[in-house]
Amino acid sequence: SVEQKRENAAKRDDLFRNKLILSPLTTVGNLPFRRICAEYGADNTVSEMAMIYNLNRTQPSEWSLLRRHNSEGTFGIQVAVAKDWDAEAFAKGIAASGFSYDYIDINCGCPVDMIVSKGCGCGLWEKKNRLRSIVKALVDFQPKPVSIKCRIGDDENDPQLHKHIADYETWGASAVTIHGRSRRQRYTKMANWDYVEQCARLTQLPVIGNGDIMSHIDIQEHKQACPTIDSYMMGRGALIKPWVFQEIKEQRAIDMSSSCLLYTSDAADEEDSVDLGGRRIIKKKKKWKSKTKNKEER
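Residues numbered from 1 in each chain as written. Predicted model: local features only at pLDDT ≥ 70, side-chain atom pairs only at ≥ 80, totals over all residues. Heavy atoms only, no water.

Asker: Can you break down the overall build of the protein chain residue by residue, with the values?
Answerer: A count of helical and extended segments in the protein chain gives 14 helices and nine strands. Among the 298 residues that make up the protein chain, the fraction classed as buried is 52%. Within the protein chain, residue pairs in contact and separated by at least 24 positions form 71% of the contacts whose partners lie at least 6 positions apart. As presented, the protein chain carries roughly 14200 Å² of accessible surface, and 49% of it is formed by carbon and sulfur atoms. (Helix = DSSP H or I, 4+ residues; strand = E, 2+ residues; numbered from the N terminus. Buried < 20%, exposed > 50% of the residue type's maximum accessible area, 1.4 Å probe, protein only. Contact = heavy atoms within 4.5 Å. Areas by Shrake-Rupley, 256 points an atom, 1.4 Å probe, with all protein chains shown as cover.)

See the structure below:
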C-alpha cells in the first residue's frame, strides 16, 4: 500500500540518512572498539563480518561477532553469504530468536581471495541473479531492513556499479554503501568519490559513501562535491582516531593527549561485558596504563 511504502521510506531515512557510520572491520571492529566509537559520536555501528554458513551451524565463535552492547545506538549486523537458501534459513532463525539488531548488511565488497572463492564478498556482487535472490530472502523472512555494501566494480578503470545500483531498490534493499575502490585496488590508491556521486544519482535509496575519510575536512569537501551522498562510513580513519566522529560533528580537529588514547576509555573497562578477544585488549590496555603511571611517578 501507499501508506506502507511511506512508512518503509521513513524507517530507512531514520536509519541511513545523515549518519556517521563505523565500518564493519574484521578482527578489529569488535564490541569494545565499537563501544568507544559510539562514545565518540558514531551514529551507527556495524558488527564484524560473520559467515552465514557458520551462523546456520550455530558456531558460538561466529555468533559472538554479532553481539551488541546497549551503548550502541543503531546497530547493523554484517553477513557474508553465497546461497539464497542459506540466507533464508538464517533470516528465519534470527527472526525467531529475538536477537538484537536494527538492520542486516550484506557484504558484497570484501576482495580477499578466500572469501571471493566461496562466492561471498566481491564474488557475490559479480553474480547479479544470486545477489537478487539473497536480498529478497533476507527481506522476506526477517523483519529488519537490508542494506548492501559493495565496491565500484572489479576494475577501477572500468567501474560497473552504475549499471546495477538502480535495481537494488526493486529487490527490497533499503540502502547502499559504496566503497569507492575496485576489487582489484583492494585498499590501495584513492577512492573515487566522483564515481560514488554518479552512482548515488541513479537511485532513490540512501547512499553511504566510504573510502579515505580521515578528518572533518574530508567530510566538508565531500558534502560540497558530492551532494547526493546521504551518509558517511569510516574504517581506517576511526582506527587511527576513534574520536573522528566527534571531530566531524564539532567541525574541528581534536588533539587528544596520551591519557586519552584508544583503550584508556571507560567504555572498555567492564571486563565481564566483552568476549575473549575483548579481554585480551583490556589486559593490554591495563598494562599500558600501568606503565604510563610508573613513568609519570619517576
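Asker: So what's going on with the layout of surface pockets? Which residues, and what values?
Answerer: Of the voids in this model, the largest pocket is the one considered here, and its volume is about 570 Å³. Around the largest pocket sit 30 residues that line it, and Ser-23, Pro-24, Leu-25, Lys-149 and Tyr-187 are the ones nearest its centre. Elements supplying a minimum of two residues to the lining of the largest pocket: β5 (103–108), β6 (146–151), β9 (231–234) and α12 (236–240). In terms of residue count, α12 provides more of the lining of the largest pocket than any other element does, three residues in total. Class assignment of the residues belonging to the lining of the largest pocket gives a composition of 15 nonpolar, 10 polar and five charged. (1 Å grid on protein atoms, 1.4 Å probe; cavity = no way out; pocket = protein on both sides within 12 Å on 5 of 7 lines; lining within 4 Å. Points joined across faces, edges and corners; volume = space filled by probe spheres on them. Nonpolar A, V, L, I, M, F, W, Y, C, P; charged D, E, K, R; others polar.)

Asker: Quick one: what's the story with the packing of helix α5 (residues 84–97) against helix α8 (residues 128–141), residue by residue and with numbers?
Answerer: Contact geometry of α5 with α8 gives a least axis separation of 8 Å together with a crossing angle of 20°. When the axes of α5 and α8 are compared, the pair comes out roughly parallel. Of the two elements, α5 crosses α8, and the hand of that crossing is right-handed. Each of Asp-84, Ala-87, Glu-88, Phe-90, Ala-91, Lys-92 and Ala-95 in α5 lies in contact with α8, whose residues at this interface are Ser-133, Ile-134, Ala-137, Leu-138 and Phe-141. (Axes fitted to C-alpha atoms, helices over the stretch in contact; angles between N-to-C directions. Parallel < 35°, antiparallel > 145°, perpendicular 65-115°, else oblique. Left-handed = near helix turned anticlockwise from the far one by under 90°.)

Asker: Before we move on, can you summarise α5 with the specific residues and values?
Answerer: Over its 14 residues, α5 runs 20 Å from end to end, which matches the ideal 20 Å to within 8%, given 1.5 Å per residue. Tucked inside the fold, the buried residues of α5 contact α3 (52–55), α4 (60–64), β4 (74–80), β5 and α8. Backbone geometry just downstream of α5 places Gly-98 in the positive-phi region, at approximately 75°. (Expected span 1.5 Å × (residues − 1).)

Asker: Outline α8, listing residues and values.
Answerer: Each full turn of the α-helix corresponds to 3.6 residues, which orients residues three or four apart in the same direction. Taking 1.5 Å of rise per residue, 14 residues should cover 20 Å, and α8 covers 20 Å from first to last C-alpha, within 8% of that figure. By the burial criterion, the buried members of α8 are Leu-131, Ile-134, Val-135, Ala-137 and Leu-138. Around the axis of α8, the buried residues are gathered within 160° of arc, so they sit on the same side. Exposed residues pointing more than 90 degrees away from the buried face of α8 are listed as Asn-129 and Asp-140. Contacts made by the buried residues of α8 are with α5, β5, α7 (122–125), β6 and α9 (167–171). (Arc of directions from axis to C-beta.)

Asker: Please give an account of the pattern of salt bridges that cites residues and values.
Answerer: One pass over the full model with this rule turns up 17 salt bridges. When the shortest N-O distance is used, the salt bridge between Asp-167 and Lys-128 registers 2.5 Å. Here Asp-167, found in helix α9, pairs with Lys-128, found in helix α8; they are 39 residues apart in sequence, far enough to count as distant. Taking relative accessible area as the criterion, Asp-167 reaches 23% and is therefore assigned partly exposed. Residues joined by salt bridges that share partners form a network here, namely Asp-13, Arg-17 and Asp-230. (Salt bridge = Lys/Arg side-chain N within 4 Å of Asp/Glu carboxyl O.)

Asker: Describe in detail the environment of Gly-76, supporting the description with residues and values.
Answerer: Within the fold, Gly-76 resides in strand β4. The spatial distance from the C-alpha of Gly-76 to the C-alpha of Pro-24 is 9.0 Å, given a sequence separation of 52 residues. Not counting chain neighbours up to four residues away, the residues in contact with Gly-76 comprise Thr-45, Val-46, Ser-47 and Tyr-103.

Asker: Hey, could you go over the side chain of Gln-185 for me, with residue numbers and the actual values?
Answerer: Structurally, Gln-185 is set in the loop between β7 (175–179) and α10 (193–200). At 2.9 Å, the side chain of Gln-185 and the backbone nitrogen of Ser-182 are in polar contact. Residues in contact with Gln-185, not counting those within four places in the same chain, are Glu-156, Gly-180 and Met-190. (Polar contact = N/O pair within 3.5 Å; in protein donor to acceptor, adjacent residues only side chain to side chain.)

Asker: Can you break down the nonpolar core residue by residue, with the values?
Answerer: Counting residues in each nonpolar core, the largest one holds 59 residues, and the members touching the most others are Phe-90, Leu-138, Leu-161, Tyr-168, Ile-178 and Phe-245. Ignoring anything within four residues of it in the chain, the contact list for Tyr-168 reads Trp-125, Leu-131, Ile-148, Leu-161, Ala-173, Val-176 and Leu-205. Membership of the second largest hydrophobic core comes to eight residues, among which are Phe-16, Ile-21, Val-46 and Ala-175. (Core = buried A, V, L, I, M, F, W, Y, C linked by side-chain atoms within 4.5 Å.)

Asker: Please give an account of unusual backbone geometry that cites residues and values.
Answerer: Peptide bonds are trans in most cases, and residues, glycine excluded, mostly fall at negative phi. Positive phi, close to 50°, is recorded for Thr-58, a residue that is not glycine. Relative to the elements of secondary structure, Thr-58 occurs in the loop between α3 and α4. Residue Lys-189 is not a glycine yet carries a positive backbone phi of 60°. With respect to the helices, strands and loops of the structure, Lys-189 is situated in the loop between β7 and α10.

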